[in-house]
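Chains, contacts and geometry: an overview
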Amino acid sequence: MKCLFVTVGTTSFDDLIACVSAHDSLQIIKSLGYNRLILQIGRGTVVPKPFSTESFTLDVYRYKESLKEDLQKADLVISHAGAGSCLETLEKGKPLVVVINEKLMNNHQLELARKLHKEGHLFYCTCRKIPHMKALRINNWLCFHFSTLPGLLQSMDLSTLKCYPPGQPEKFSAFLDKVVGLKNKH
């Protein structure tokens, strides 16, 4: 069973859940060979109805003690750009698509996603429904090659992703410190 896991962490990200559970997105997911979609919806108000057919299952839940089991089952993870969710997924060696929450102001999700994408570890996009977007301005960043989630799912090549080097939490921590403007006081 080929599994796609979507997580919003401890927050809410209704746009992501609505986008990935929309009929068009479900058709794309099925066409890519996935027959199970697990949605971890956090505090969200968008709550898709779980269902199961002979060829496809949609599971939905808010929280679990740990996402470890769902991450292990996943052949692909779609996540918000929270540092913890990104790092946990990458450390498990899972292909990752990060979806930027454009409604969060002055956040560092875009910068984190851009950096990890530049290093070849993940793909990133938005939930916008604007087709063929080539550039987008978020928090004064002009982003090129920015895609919507359905478009990215259809065009991405997971074989191009590089494994995230394990056991380097100091490097990730130093990067986050730099992103949020903290300086090493040692």
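Above this text is the structure in question.
Computed from a predicted structure; not experimentally measured. (Residues numbered from 1 in each chain as written. Predicted model: local features only at pLDDT ≥ 70, side-chain atom pairs only at ≥ 80, totals over all residues. Heavy atoms only, no water.)

Side note on the pattern of salt bridges
Keep this limit in mind: Only one rule defines a salt bridge in this text: a Lys or Arg side-chain nitrogen within 4 Å of an Asp or Glu carboxyl oxygen. Here's how the labels work: a residue is buried when its accessible area is under 20% of the maximum for its type, exposed when over 50%, partly exposed in between, all with a 1.4 Å probe on protein chains only. Put simply, DSSP marks the helices as runs of H or I at least four residues long and the strands as runs of E at least two long, and each gets a number from the N terminus on.
Tallying each qualifying case throughout the model produces 5 salt bridges. Note that Lys 64 is salt-bridged to Asp 70, the shortest N-O span being 3.0 Å. The exposure class of Asp 70 is buried, given its relative accessible area of 1%. Glu 69 is the partner of Lys 73 in a salt bridge, and the nearest nitrogen-oxygen pair spans 3.2 Å. With a gap of 4 residues between them, Lys 73 and Glu 69 both fall in helix α3 (residues 68-73), about one helical turn apart. Using a relative accessible area of 48% as the deciding quantity, one classes Glu 69 as partly exposed.

Points about the environment of Thr 160
Just so we agree on the cut-off: The contact criterion used is simple: two residues touch if any of their non-hydrogen atoms lie within 4.5 Å.
Checked against the element boundaries, Thr 160 lands in the loop between α6 (149-155) and α7 (169-179). In this view, Thr 160 contacts Gly 120 and Phe 123; residues no more than four positions away in its chain are not counted.

Side note on helix α4 (residues 83-91)
Listed in full, the buried residues belonging to α4 are Ser 85, Cys 86, Leu 87, Thr 89 and Leu 90. Note on α4: the residue one or two positions beyond its end, Gly 93, has a positive phi of about 75°.

Here we look at helix α2 (residues 23-31)
Note the cut-off: Here the arc refers to the set of directions running from the helix axis out to each C-beta atom.
Among the residues of α2, Ser 25, Leu 26, Ile 28 and Ile 29 are the ones counted as buried. Down the axis of α2, the smallest arc covering the buried residues is 160°, so these residues share one side. Exposed residues pointing more than 90 degrees away from the buried face of α2 are listed as His 23, Asp 24 and Ser 31. As for α2, its buried residues are in contact with β1 (3-7), α1 (14-21), β2 (36-40) and α6.

As for the sheet that holds β1
Strands belonging to one sheet form pairs held by backbone hydrogen bonds; the direction of such a pair is parallel or antiparallel. Keep this limit in mind: Here, strands pair whenever DSSP counts at least two bridges between them. Helix axes use the C-alpha atoms of the stretch in contact, all axes being lines fitted to C-alpha atoms, and the angles between their N-to-C directions lie in the range 0 to 180 degrees.
The sheet built from 7 strands is open, its strands ordered β3-β4-β2-β1-β5-β6-β7 with mixed pairing. The open sheet is flanked by β3 (51-52) and β7 (123-125), the only strands paired with a single partner. Relative to strand β6 (residues 96-99), strand β5 (residues 76-80) runs parallel, the two sharing 4 bridges. Opposite His 80, over in β6, you have Val 99 as the bridge partner. In the packing of α1 onto the sheet, the strands contacted are β1, β2, β5 and β6, and the crossing angle to β2 comes to about 165°.

Considerations on the packing of aromatic side chains
Short version of the rule: A pair of aromatic rings is counted whenever rings of Phe, Tyr or Trp (Trp by its six-membered ring) have centres within 6.5 Å, and the orientation is called stacked for planes under 30 degrees apart, edge-to-face for over 60 and tilted otherwise. A ring is scored as having a charge over it whenever the NZ atom of a lysine or the CZ atom of an arginine sits within 6 Å of its centre and within 35 degrees of its normal.
By the definition in use, this model includes 1 aromatic pair. Note that Lys 2 overlies the ring of Tyr 34, its terminal NZ or CZ placed 4.5 Å from the centroid. Positioned above the aromatic ring of Phe 56, the side-chain terminus of Lys 30 is 5.1 Å from the ring centre.

Topic: the pairing of β5
The side chains of a regular strand alternate, residue by residue, between the two faces of the sheet. Stated formally: By convention a crossover is right-handed if, when the strands point away from the viewer, the path from the first strand over the helix to the second runs clockwise.
Counting buried positions along β5 yields 5 of 5 residues, so the element is predominantly enclosed. Here β1 pairs with β5 via 4 bridges, running parallel. Bridging across to β5, Phe 5 finds its partner in Val 77. Taken together, β5, α4 and β6 form a β-α-β motif whose crossover is right-handed.

Details of the packing of α1 against α2
Note the cut-off: Here is the rule for angles: anything less than 35 degrees is roughly parallel, anything more than 145 is roughly antiparallel, 65 through 115 is roughly perpendicular, and the remaining ranges are oblique. Each residue receives one of three labels: charged for Asp, Glu, Lys and Arg, nonpolar for Ala, Val, Leu, Ile, Met, Phe, Trp, Tyr, Cys and Pro, and polar for the others, Gly being one of them.
Their axes nearest at 5 Å, the elements α1 and α2 cross at an angle of 60°. Taken together, the axes of α1 and α2 are oblique relative to one another. Two secondary-structure elements touch here, α1 through Cys 19, Val 20 and Ser 21 and α2 through His 23, Ser 25, Leu 26 and Ile 29. The residue makeup of the contact of α1 with α2, split by class, is 4 nonpolar, 3 polar and no charged.

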